[in-house]
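Examination of the molecular architecture
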Amino acid sequence: MNETTASVNEALPRVLQRIRDAERRYERPLNSVQLLAVSKQQPVSAIRAAYALGQRRFGENYVQEALDKLTRLADLDCEWHFIGPLQSNKSRQVAQHFAWLHTLDRLKLAQRLSDQRGDQPPLNVCLQVNISAESTKAGVAPEALPELAHAVHGLPNLRLRGLMALPAPAAQMQAQRKPFAALRALLLDLQQAGLPCDTLSMGMTADLEAAIAEGATIVRVGTAVFGARAPKG
Ligand SMILES: *Cc1c(COP(=O)(O)O)cnc(C)c1O
């Protein structure tokens, strides 16, 4: 067993335990929160180690890095989620090779993805929302969300699953919970408007408990599963 495998063997069960503990503490149904293991800038050996423990959902941020990994891991039955910013000129690769996109934030891109999906099952998408104090400019403004959501819902080869956010880091639990609560309220509005959404993609290594307290159904966790990332290059 090499070093990568040994550390994932310890870290992944600990993260799953954190998730189960938070489900219990915040009265969420058992197993209602899924772990998306964020493998960006991590070696394929680390993904194989997580896979050997039963992990199937993996998140990647960079198209070219992800395609290289998909090729090298073609023997595994992974479910690939794209969670990085997506430029229109790379939409085809995501439409053709991924099961999920978490960072959809504009209609033009949605239309391209739908056109490029071909006859595969619909691409699952979350709309990224630029919730208060978001650290990047990515994401649709809350005011513009309902219109975008209805338009995406109408596209034939996309399946609108819910919302995603990447709030600015905050140290305290109460501050962490605020933007997550706001995202949950926006999802409720969409559901009440008749959209069949079921997903809140929110929470990372530092704030997954706060996200679970506010209703996360997918937490995207990298560092706590795989350790520090290699520099991008
Ligand atoms: C890198 C990344 C994560 C994982 O972050 P960690 O702090 O390492 O858990 C989650 N979501 C997105 C969108 C990311 O880019």
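Everything below is about the structure printed above this text.
Counting starts from 1 at the beginning of each chain's written sequence and moves along it residue by residue. At least 70 in pLDDT is required for a residue's local features to be given in this predicted model, at least 80 for side-chain atom pairs to be given and counted, and no such filter applies to totals for whole chains, interfaces and linings, which use all residues. Where side-chain values are given, they derive from all heavy atoms of the structure, hydrogens and water being excluded.

Let us now look at unusual backbone geometry. Most peptide bonds adopt trans geometry, and most residues besides glycine take a negative phi value. Even without glycine at this site, Glu 27 takes up a positive phi of about 55 degrees. Secondary structure counts use DSSP, requiring at least four H or I residues in a row for a helix and at least two E residues in a row for a strand, with both numbered from the N terminus. Take Glu 27: it is sitting in the loop between helix H1 (3-25) and strand S1 (34-38).

Moving on to the pattern of salt bridges. A side-chain nitrogen of Lys or Arg and a carboxyl oxygen of Asp or Glu constitute a salt bridge if their distance falls within 4 Å. Overall, the coordinates contain 12 salt bridges when judged by the stated rule. The salt bridge partner of Glu 23 is Arg 20, with a shortest N-O separation of 2.9 Å. Linking Glu 23 with Arg 20, this pair stays in helix H1, spanning three residues, or about one helical turn. Both residues of the pair, Glu 23 and Arg 20, belong to the buried class. Salt-bridge contacts for Arg 184 lead to Glu 214; the nearest nitrogen and oxygen are separated by 3.0 Å. Placement of the pair is Arg 184 in helix H7 (residues 173-192) and Glu 214 in the loop between helix H8 (208-213) and strand S8 (218-221), with a sequence separation of 30 residues. The class for Glu 214 is buried, based on a relative accessible area of 8%. The network of salt bridges with common partners includes Glu 60, Glu 65 and Lys 69. Here's how the labels work: a residue is buried when its accessible area is under 20% of the maximum for its type, exposed when over 50%, partly exposed in between, all with a 1.4 Å probe on protein chains only.

This part covers the pairing of strand S6 (residues 158-164). Across the seven residues that make up S6, a large majority, six, are buried. In this analysis, strands are considered paired if DSSP registers two or more bridges between them. As paired strands, strand S5 (residues 123-128) and S6 are joined by six bridges and run parallel to one another. In the strand pairing of S6, Asn 124 is matched with Arg 159. Note: S6 against strand S7 (residues 199-201), three bridges, orientation parallel. Directly across from Gly 162, in S7, lies its bridge partner Thr 199. The handedness rule is simple: strands pointing away from the viewer, and a clockwise path from the first strand over the helix to the second, make the crossover right-handed. Where the polypeptide runs from S6 across H7 and back to S7, its parallel neighbour, the crossover connection is right-handed.

Interpretation in functional terms is not warranted from these geometric data alone.
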